[in-house]
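# Descriptive structure summary
For reference, the chains in residue letters:
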Amino acid sequence: MLSRAAHARAWFRAFRRTRPFWGGLWLIAGGWTVLKFSLSSLQLIVSTGFGGVAGYLVGGGMILCGLIPLAVPRQRYTFGLIGTVLAVVSLVVSNLGGFLLGMLLGVLGGSMMVGWGVRRPRRRAPAEAEA
């Protein structure tokens with residue numbers, strides 16, 4: 001019988017292989033970076049209006065675009081593209097996209113999410129099929 005740690009590791013491996021895990025992780029890291037470099041006092045955000053809130057919206061949107069395909073992998077194209085667009089928009093609205101780091105992580109994660117495909121079983125060789 002498997003121990004709890006071995007069972008949890010097997011569950012996580014199956015979870016990771018059936019979802020765009022690494023793309024989501026990079027997109028979440030990019031969104032967190034944009035959000036972190038957008039943080040400022042609430043007084044400043046209220047006084048600057050939409051320009052101050054845009055960093056929060058873009059960073060939060062990138063984080064959501066990274067989390068949703070982990071729960072619903074069939075939506076990876078939609079949220080991968082939206083996350084990539086938000087990452088590029090962060091260059092303009094949020095301190096150069098988290099000083100370019102958040103934008104680059106977001107573009108990497110979004111493109112990995114769009115490019116991810118479900119793992120297909122290997123085809124058998126004719127010699128293996130006869131045996």
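To start, this report covers the structure provided alongside it. If you're wondering where the values come from, they're calculated on a predicted model, not measured in any experiment.

### What to know about the nonpolar core
- Among the nonpolar cores identified, the biggest contains eight residues, and these are Leu-27, Val-34, Val-58, Met-62, Cys-65, Phe-79, Ala-87 and Met-113.
- No other element matches helix H4 (residues 50-71), which puts three residues into this core.
- Apart from the residues lying within four places of it in its own chain, the contact partners of Met-113 are Pro-20, Gly-23, Gly-24, Leu-27, Cys-65, Gly-66, Pro-69, Arg-76 and Gly-80.

### Here's the deal with the packing of helix H5 (residues 76-93) against helix H7 (residues 101-115)
- The N-to-C vectors of H5 and H7 enclose an angle of 165°; their axes lie 8 Å apart at closest approach. Taken together, the axes of H5 and H7 lie roughly antiparallel to each other. As H5 runs across H7, the sense of the crossing is left-handed. Between H5 and H7, the contacting residues are Arg-76, Tyr-77, Gly-80, Leu-81, Thr-84, Ala-87, Val-88, Ser-90 and Leu-91 on the first element and Met-103, Gly-106, Val-107, Gly-110, Ser-111, Met-113 and Val-114 on the second.

### Regarding the packing of helix H2 (residues 21-38) against H7
- Between H2 and H7, the least distance of the axes is 7 Å, while the angle of their chain directions is 155°. Of the possible angle classes, the one that applies to H2 and H7 is roughly antiparallel. Remark: the crossing between H2 and H7 carries left-handed chirality. Within the contact between the two elements, H2 uses Trp-22, Gly-23, Gly-24, Trp-26, Leu-27, Ala-29, Gly-30, Thr-33 and Val-34 and H7 uses Leu-101, Gly-102, Met-103, Leu-105, Gly-106, Leu-108, Gly-109, Gly-110, Met-112 and Met-113.
- Here the residues of the contact of H2 with H7 sort into eleven nonpolar, eight polar and no charged.

Rules and cut-offs
Residues numbered from 1 in each chain as written. Predicted model: local features only at pLDDT ≥ 70, side-chain atom pairs only at ≥ 80, totals over all residues. Heavy atoms only, no water. Core = buried A, V, L, I, M, F, W, Y, C linked by side-chain atoms within 4.5 Å. Buried < 20%, exposed > 50% of the residue type's maximum accessible area, 1.4 Å probe, protein only. Helix = DSSP H or I, 4+ residues; strand = E, 2+ residues; numbered from the N terminus. Contact = heavy atoms within 4.5 Å. Axes fitted to C-alpha atoms, helices over the stretch in contact; angles between N-to-C directions. Parallel < 35°, antiparallel > 145°, perpendicular 65-115°, else oblique. Left-handed = near helix turned anticlockwise from the far one by under 90°. Nonpolar A, V, L, I, M, F, W, Y, C, P; charged D, E, K, R; others polar.

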